[in-house]
Amino acid sequence: MSHHERVQEELEALEAILMDDISISYNEIGCAELVKSTIFPSTANEVEKQYVCVTLEVKLPENYPDCKPVVKLKSPRGLDDSTIDHLYREINKKCDEFLGQPVIFELIDLIRENLTESNLPTCQCAVCLYGFSEGDSFTKTQCFHYFHNYCLANHLIITSKHFNEEQDKLPAWKRSPEGFRATCPVCRELINCDVDELKTAMPPKDLENAQKFEVTHELKLLQQEMQQLFNYQKSRGGIIDIEAEENKLLLITNSNEDSAADNSGDPGTSLSNTISSSSVSDGVQNRNQRHYSNYSSHR
Amino acid sequence: MAALPRRIIKETQRLMQEPVPGISAVPDDSNARYFHVIVTGPEDSPFEGGLFKLELFLPEDYPMSAPKVRFITKIYHPNIDRLGRICLDILKDKWSPALQIRTVLLSIQALLSAPNPDDPLANDVAELWKVNESEAIRNAKEWTRRYAMDN
């Protein structure tokens, strides 16, 4: 049997087993080149309980299966780097073991088994940057990103509040007819979730156990370097003098207001606006408080 | 002052352990929400060779709200005004809690490589950038040389 026929036989078997879950691309002379399949853990078809997945890409060299295929794992979801590295090592072993024989189904089976064993996301929650522990309640979005329910609830409560505040500023005809729509913090896809339920969740366990912050010696040295650069640039007139610039701004703003009084719809960067919005930094006892009040006035 | 959220601690530790090339961010002695930042001017940009000081502040509800960031070193750029304020969507309505201090600073560094005079914050700079780009770039280089050098 030729290489071509042997590969054809293997692929037909794969298609019979996996049906739509596999895609095969052929080159211009009709030889299979690339086999792709997205693999999920076995959860008795309960899609809701599949927390991880990865796409397997197998490139078939001309002499396959007498030489090893080139295997890549793409679009991992819920899997951290060490899990992926582990998978690659297992894949390599399997390819060595099956040299000369069909290996693609073996690879799919191997990956599926691994995913099933660790069907708990090993990545971090993108909101709190801590992992998922046994007992944490978390959400897998339709786009396969993971958040502690506690963290996602906080995100949704604040973004919907911001959204509504912005809407209230708009004239009625400009407001969004759909109202607030939740989006994934990672990829901005629309997501469906029930905030009232999410917010009943306890804070993540890792978060509770995390260590405290300490100023290290290394940090002290970095702080000193920063200070030296600041002093040097200041001596050369390179540091922005907020007060002087604000005074200039005040003059410009005043003359603008005289000539364009009808432009009251958008106050722009006027000083009165700057002052009224300084409440943003209330409660923050910081020597730079005055600087920060400036940000909020610009859109 | 309330305890520092764990996420801020984690970000700070990672900034120390795995610093981003061309960017350093160090928390202040007296306020761990206030960061002293240095961004190096990107290669092949008019800001090449410059070390730009910025300040970054994490508000009370960070990471639900964006950090406040401002240039401290003078810079000639159409999207940065005379007060050092930066026009960048992810610092405003496109903020997401999945962004971090490091990604924000990388975006600011990228803004130095790709000035956008069509969405100006510093009107006079943007105007010159549009009508006479080579002169604007000359100015940016001159400001970098004059204000943003290290000893």
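Remember, predicted model here, so these are calculated numbers, not experimental data.

Here we come to the sheet that holds strand S2 (residues 34-40) of chain B. All names here are of chain B. Taking strand neighbours across the sheet as the criterion, the four strands line up as S1-S2-S3-S4 in an open arrangement whose pairing is antiparallel. Of all the strands in the sheet, just strand S1 (23-27) and strand S4 (68-71) have a single pairing partner and so form its edges. Adjacent strand axes in the sheet meet at a mean angle of 20 degrees, parallel and antiparallel pairs treated alike. When strand S3 (residues 51-57) meets S4, the two strands line up antiparallel, connected through four bridges. Paired with Phe-57 across the strands is Lys-68, a residue of S4. Contacts from helix H2 (residues 101-113) reach S1, S2, S3 and S4, with the element oriented near 35 degrees to S2.

Turning next to the pattern of salt bridges. Residues and elements named next belong to chain B. Tallying each qualifying case throughout the model produces 17 salt bridges over all chains. A salt bridge links Glu-18 to Arg-14; the shortest N-O distance between them is 3.5 Å. Taking the relative accessible area as the measure of exposure, Glu-18 reaches 43% and is therefore partly exposed.

Moving on to helix H7 (residues 217-235) of chain A. An α-helical segment advances 3.6 residues per turn. Residues three or four places apart therefore align on the same side. Look at H7(A): 27 Å from first C-alpha to last across 19 residues, which is about the 27 Å you get at 1.5 Å a residue. For H7(A), the full list of buried residues reads A:Leu219, A:Gln223, A:Met226, A:Leu229, A:Phe230, A:Tyr232 and A:Gln233. Those residues of H7(A) hidden inside the fold are in contact with helix H1 (6-17), S1, S2, S3 and helix H4 (133-147) of chain B. A:Gly237 lies just past H7(A) and shows a positive phi near 75 degrees.

Relative to the assigned elements, B:Lys10 resides in helix H1. Exposure remark for B:Lys10: the relative accessible area of 24% places this residue in the partly exposed category. Residues in contact with B:Lys10, not counting those within four places in the same chain, are A:Gln124, A:Leu129 and A:Tyr130. There is a polar contact of 2.7 Å between the side chain of B:Lys10 and the backbone oxygen of A:Leu129.

A word on the environment of B:Lys68. Residue and element names in this part refer to chain B. The topology assignment puts Lys-68 in strand S4. Its relative accessible area of 21% is what places Lys-68 among the partly exposed residues. Separated by 17 residues in the primary sequence, Lys-68 and Arg-85 have C-alpha atoms spaced 9.3 Å apart.

Mapping A:Thr55 onto the fold places it in strand S3 (residues 53-59). With sequence-adjacent residues up to four places away left out, A:Thr55 is seen in contact with A:Ser37, A:Thr38, A:Lys72, A:Leu73, A:Lys74 and A:Ser75.

Facing 54 residues of chain A, the contacting portion of chain B comprises 58 residues. For the salt bridge of A:Lys220 with B:Asp29, the shortest nitrogen-to-oxygen distance reads 3.3 Å. Linking chain A with chain B are 16 residue pairs in polar contact (both at pLDDT 80 or more). Here the element with the most residues in the side of chain A that touches chain B is H7(A); it accounts for ten residues. Taken together, the residues of the side of chain A that touches chain B sort by class into 28 nonpolar, 16 polar and ten charged.

On to the packing of helix H3 (residues 123-131) of chain B against H4(B), then. Residue and element names in this part refer to chain B. Between H3 and H4, the shortest axis-to-axis distance is 5 Å and the interhelical angle comes to 130 degrees. Taken together, the axis directions place H3 and H4 in an arrangement best described as oblique. Residues Leu-128, Trp-129 and Val-131 of H3 pack against Glu-133, Glu-135, Ala-136, Ile-137, Asn-139 and Ala-140 of H4. Within the contact of H3 with H4, the residues separate by chemical class into six nonpolar, one polar and two charged.

Right, let's get into the side chain of B:Arg33. Residue and element names in this part refer to chain B. Mapped onto the elements, Arg-33 comes out in the loop between S1 and S2. For the buried residue Arg-33, which engages in no salt bridge, the nearest side chain bearing the opposite charge is Glu-60, 4.3 Å off. A distance of 2.8 Å separates a polar atom in the side chain of Arg-33 from the backbone oxygen of Pro-59.

A:Tyr64 connects to A:Pro65 through a cis peptide bond whose omega is 5 degrees. Considering the arrangement of structural elements, one finds A:Pro65 in the loop between S3 and strand S4 (70-77). Residue B:Pro63 is bonded to the preceding B:Tyr62 through a cis peptide linkage, with omega at 5 degrees. Mapped onto the secondary structure, B:Pro63 falls in the loop between S3 and S4. At A:Ser75, a residue that is not glycine, the phi angle is positive and equals roughly 45 degrees. On the basis of relative accessible area, A:Ser75 is assigned to the partly exposed category, the value being 43%. Positive phi values are uncommon outside glycine, yet A:Arg188 reaches one of about 65 degrees. Along the chain, the position of A:Arg188 falls in the loop between helix H4 (149-169) and helix H5 (195-198). A:Arg188 sits in the partly exposed class, given a relative accessible area of 41%.

Cut-offs and rules
- Residues numbered from 1 in each chain as written.
- Chains lettered and ligands numbered in written order.
- Predicted model: local features only at pLDDT ≥ 70, side-chain atom pairs only at ≥ 80, totals over all residues.
- Heavy atoms only, no water.
- Pairing = 2+ DSSP bridges.
- Helix = DSSP H or I, 4+ residues; strand = E, 2+ residues; numbered from the N terminus.
- Axes fitted to C-alpha atoms, helices over the stretch in contact; angles between N-to-C directions.
- Contact = heavy atoms within 4.5 Å.
- Salt bridge = Lys/Arg side-chain N within 4 Å of Asp/Glu carboxyl O.
- Buried < 20%, exposed > 50% of the residue type's maximum accessible area, 1.4 Å probe, protein only.
- Expected span 1.5 Å × (residues − 1).
- Polar contact = N/O pair within 3.5 Å; in protein donor to acceptor, adjacent residues only side chain to side chain.
- Nonpolar A, V, L, I, M, F, W, Y, C, P; charged D, E, K, R; others polar.
- Parallel < 35°, antiparallel > 145°, perpendicular 65-115°, else oblique.
- Lys, Arg positive; Asp, Glu negative; His and termini not counted.

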